[in-house]
Amino acid sequence: MSGYPNLTCLRLERRGPVGWLINNRPERLNAMSARMRDEFEIAWKALDADPAVRVIVHTGEGRAFQTGVDVTEIATDGVGMERYRDSLERFDLRFTAWHNRIWKPVIAAVNGVCAGGGFHFVADADVVIAASDAEFFDPHTSIGQVVAIEAIGLLRKMPAEAVMRMALVGRHERLSAVRAYELGMVSEVIDPPERLRDAAQELGERIARNSPAAMAATKRALWQAFEVGLTEACRLGARELVAMWGHPDQLEGPRAFAEKREPRWADPVPSDTAEPPQPAAPGDPAEPPVP
Amino acid sequence: MSGVAPPAYATLRVERRGPVGWLVFARPEAANAMNATMLDELEVAWRRLDTDPAVRVIVNTGDGRAFQTGLDLHQLSRDRAALREQARRTAAAELRITAWHNRVTKPVIAAVNGICAGGGLHFVADADVVIAASDAAFCDPHVSVGQAGAYEPIGLLAKMAAEPVMRMALVGRHERLPARRALQLGMVSEVVDPPERLRDRAQELAETIAARPPELLRAAKRMVWAALETGRTRAVRQAGIATVGAAEGEDG
């Protein structure tokens, strides 16, 4: 679709309000080459900058969703993991939505095998759905690598035992989509698997009916809750809540509800231009607008 | 029904049955939404139940078809002073709506009797034990009316798998999480079927808990909630100190 940068390893499309980011190295099970890694940052930012995109769906072409770093490239190009040393040591990664601080809702639609580094995209998505034949495993320890970032991301979001088992069993066992659903790692299993993209589009359109500004504020409030204790998380979340007061969507929402019509929300603003909310001043007259 | 001398609550029913104090949302005609009066009464009711020595465990449920559906903005829009005060509390993180906000020290069971929407999720996030009628359902419509969701999903995030919480917060009113799925996710620990049995079951469960020594219940509750505030090592160390304190208190 026009307007988006032309990428080699990824495909970008928009269908209605839903922007699609599709891993497009099916012959390599969508493993992440150095080039793909660079393209991810471009892709997330392009979809984020398009005001017509309200929700982003991330999926893969072919049999795999994503299978982590391209081990063949690492083993044969003479540079290997050294290429990534600097960005890892500084924790300056840019390949997931979370790394890029994208505040539009992101749905990961896991279409097949999700292995190793593929978990980055599951851990860092807001909503995760999976085809009934999708499978999850983490082979890092089976090839002499440490698991860290992906597993830590998952630990914050689901029961820990399952994450630790995957990290330690490595490639000798796979977690099924149904078990992932039971654990609350994914919220929907799509059967037959061919229906995954339709289901993701439908869910994306449903989420796109909500206020972009309110969803961005909610998303910031929830992701920052992982960083601090419960009371502090509530305090920081309150800033996001209060920062929405005075936004036109807060009047439009109740009005549309009363008039029984779809709300006409303000367009989303690019994530990197969103102002961080300030703590409320004492005696601040701010109050929620009243329908 | 006896016990607490009946202060005139207009929007709640507060009762004691044996060792169990009941806090019941009683605005069924408004799906139990919180108006200015209920906001005031909740603070009073939690405090009274927590200080009544005859009450060992508190059950929180709702009259009618809904459990709780959040702020009644229509009513609050006609009471500017109440709205302003609630806005101030929201901004300053000084809400006094739930047991957690009011630092209630006794075990609290939420018995979700029907729809629990938006601000109703406060009472699920902030309860110790949650059971639900089989026809109960959960949703967070904030983003569908142009509001951010914060306190309620943040509270839930601390207690359950995150993906379903994020999905609920972002899908808004266009989807409901049914009681059965909440059970599978560990958001509730029991689904009562038929739904009419919910209150009997809540009373029974509360009596089981009430049979434990109150000071141990208090210590356990304090430790578990404190653990949500900090990292693992610090939480365990705090709990260790508290355990010794509770044991010494018993001996003494």
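Our subject is the structure that appears above.
In short, a report on the structure. Only a predicted model underlies this, so the values are computations on that prediction, with no experimental measurement involved.

### Re the overall build of chain B
Moving on, step 1. Counting its regular elements, chain B contains 10 helices and 10 strands.
Moving on, step 2. Here chain B has a C-alpha radius of gyration of 18 Å; the compact-globule value for 252 residues is 18 Å, and the two agree.
Moving on, step 3. Projected onto its principal axes, the C-alpha coordinates of chain B cover approximately 55 × 45 × 40 Å.
Moving on, step 4. Burial statistics for chain B: of 252 residues in total, 56% are counted as buried.
Moving on, step 5. Considering only intrachain contacts with a sequence separation of at least 6, the fraction spanning at least 24 residues in chain B is 71%.
Moving on, step 6. Accessible area for chain B stands at about 10400 Å²; split by element, carbon and sulfur atoms hold 52% of it.
Moving on, step 7. In chain B, 32 positive and 30 negative side-chain charges are present, and the distance between their average locations comes to 2 Å.

### Details of the packing of helix H8 (residues 196-207) of chain A against helix H6 (residues 162-171) of chain B
Moving on, step 1. Contact geometry for H8(A) and H6(B): axes closest at 9 Å, N-to-C directions at 55°. Regarding the angle of H8(A) to H6(B), the classification is oblique. Note on element contacts: H6(B) touches H8(A) through B:Arg167, B:Leu170 and B:Val171, opposite A:Leu203, A:Arg206 and A:Ile207.
Moving on, step 2. Taken together, the residues of the contact of H8(A) with H6(B) break down into four nonpolar, no polar and two charged.

### So, the interface of chain B and chain A
Moving on, step 1. Across the contact, 43 residues belong to chain B and 58 residues belong to chain A.
Moving on, step 2. Counting each side, the surface lost to burial between chain B and chain A is near 4300 Å², with a carbon and sulfur contribution of 66%.
Moving on, step 3. Across the chain B-chain A interface, the total number found is two salt bridges.
Moving on, step 4. Put simply, B:Glu175 and A:Arg206 hold a salt bridge, and the shortest N to O gap is 2.5 Å.
Moving on, step 5. The tally of links from chain B across to chain A stands at 19 residue pairs in polar contact (both at pLDDT 80 or more).
Moving on, step 6. At the level of elements, helix H2 (73-77), helix H3 (80-91), helix H5 (151-157), H6 and helix H7 (179-184) of chain B are the ones that each hand at least two residues to the side of chain B that touches chain A.
Moving on, step 7. Grouping the amino acids of the side of chain B that touches chain A by side-chain chemistry returns 24 nonpolar, 11 polar and eight charged.

### A short note on the nonpolar core
Moving on, step 1. B:Leu42, B:Phe138 and B:Met187 are the most contacted members of the largest nonpolar core, which totals 68 residues.
Moving on, step 2. Of all the elements, helix H1 (residues 36-51) of chain B adds the most residues to this core, at seven residues.
Moving on, step 3. Core analysis: the second largest hydrophobic core is formed by 47 residues, A:Phe65, A:Ala108, A:Ala123 and A:Ala177 among them.

### Let's talk about helix H9 (residues 212-225) of chain A
Moving on, step 1. Compared with the 20 Å implied by 1.5 Å per residue over 14 residues, the 20 Å span of H9(A) between its first and last C-alpha is a close match.
Moving on, step 2. Burial within H9(A) is extensive, with 13 of its 14 residues counted as buried.

### What about the packing of aromatic side chains?
Any two aromatic rings considered together are summarised by their centre-to-centre distance and by the angle between their planes.
Moving on, step 1. Counted according to the given criterion, the structure contains nine aromatic pairs over all chains.
Moving on, step 2. Relative to B:Phe123, the ring of B:Phe25 has its centre 4.8 Å away and its plane inclined at 70°; by these criteria the two rings are edge-to-face. Placement of B:Phe25 in strand E2 (residues 20-25) and of B:Phe123 in helix H4 (residues 121-125) is noted, with a sequence separation of 98 residues between them. B:Phe123 matches B:Phe25 in its accessibility class, with the two residues each being buried.
Moving on, step 3. Aromatic ring contacts, followed pair by pair, group A:Phe91, A:Trp98, A:Trp223 and A:Phe226 into a single cluster.

### Focus on the side chain of A:His58
Residue and element names in this part refer to chain A.
Moving on, step 1. The topology assignment puts His 58 in strand E3 (residues 55-60).
Moving on, step 2. Reaching out from His 58, the side chain makes a polar contact with the side chain of Asn 23 at a distance of 2.8 Å.
Moving on, step 3. Apart from the residues within four sequence positions on either side, His 58 is in contact with Leu 21, Asn 23, Phe 40, Trp 44, Phe 65, Ile 107, Ala 108, Ala 109 and Phe 121.

### Examining unusual backbone geometry
Moving on, step 1. Of note, the amide linkage connecting A:Asp191 to A:Pro192 takes the cis form, showing an omega dihedral of 0°.
Moving on, step 2. Examined against the element boundaries, A:Pro192 turns out to sit in the loop between strand E10 (188-190) and H8.
Moving on, step 3. With omega at 0°, the peptide bond leading from B:Asp193 into B:Pro194 counts as cis.
Moving on, step 4. Note on placement: B:Pro194 falls in the loop between strand E10 (190-192) and helix H8 (198-210).
Moving on, step 5. A positive phi angle, close to 55°, is found at A:Lys260, a residue other than glycine.
Moving on, step 6. For A:Lys260, the location among the structural elements is in the segment after helix H11 (249-258).
Moving on, step 7. Of note, the phi angle at B:Asn32 is positive, near 60°, even though the residue is not glycine.
Moving on, step 8. Within the secondary structure, B:Asn32 sits in the loop between E2 and H1.
Moving on, step 9. For B:Asn32, a relative accessible area of 0% gives the class buried.

### Some thoughts on the side chain of A:Asn23
All names here are of chain A.
Moving on, step 1. Mapped onto the secondary structure, Asn 23 falls in strand E2 (residues 18-23).
Moving on, step 2. On the accessibility criterion, Asn 23 (0% relative accessible area) is buried.
Moving on, step 3. At 2.9 Å, the side chain of Asn 23 forms a polar contact with the backbone oxygen of Phe 65.

### Things to note about a nonpolar patch on the surface
Moving on, step 1. Where nonpolar side chains cluster on the molecular surface, the patch consists of A:Leu155, A:Met164 and A:Leu168 and spans about 310 Å² of accessible area.
Moving on, step 2. Tracing the chain through its elements places A:Leu168 in helix H6 (residues 160-169).

### Topic: the sheet that holds strand E6 (residues 113-115) of chain A
Residues and elements named next belong to chain A.
Moving on, step 1. Pairing within the open sheet is mixed, and its four strands lie in the order E4-E6-E8-E9. With one partner strand each, in any of the chains shown, strand E4 (64-66) and strand E9 (175-176) form the two edges of the open sheet.
Moving on, step 2. Pairing geometry for E6 and strand E8 (residues 135-137), over three bridges, is parallel. Pairing of Val 113 across the sheet is with Glu 135, part of E8.

What counts and what doesn't
Residues numbered from 1 in each chain as written. Chains lettered and ligands numbered in written order. Predicted model: local features only at pLDDT ≥ 70, side-chain atom pairs only at ≥ 80, totals over all residues. Heavy atoms only, no water. Helix = DSSP H or I, 4+ residues; strand = E, 2+ residues; numbered from the N terminus. Rg over C-alpha atoms; globule rule 2.2 N^0.38 Å. Buried < 20%, exposed > 50% of the residue type's maximum accessible area, 1.4 Å probe, protein only. Contact = heavy atoms within 4.5 Å. Areas by Shrake-Rupley, 256 points an atom, 1.4 Å probe, with all protein chains shown as cover. Lys, Arg positive; Asp, Glu negative; His and termini not counted. Charge placed at Lys NZ, Arg CZ, Asp CG, Glu CD. Axes fitted to C-alpha atoms, helices over the stretch in contact; angles between N-to-C directions. Parallel < 35°, antiparallel > 145°, perpendicular 65-115°, else oblique. Nonpolar A, V, L, I, M, F, W, Y, C, P; charged D, E, K, R; others polar. Buried area = accessible area lost by both parts, 1.4 Å probe. Salt bridge = Lys/Arg side-chain N within 4 Å of Asp/Glu carboxyl O. Polar contact = N/O pair within 3.5 Å; in protein donor to acceptor, adjacent residues only side chain to side chain. Core = buried A, V, L, I, M, F, W, Y, C linked by side-chain atoms within 4.5 Å. Expected span 1.5 Å × (residues − 1). Phe/Tyr/Trp six-rings, centres within 6.5 Å; stacked < 30°, edge-to-face > 60°. Patch = residues over 30% accessible without salt bridge, like charges linked within 9 Å, V, L, I, M, F, W, Y side chains within 5 Å. Pairing = 2+ DSSP bridges.

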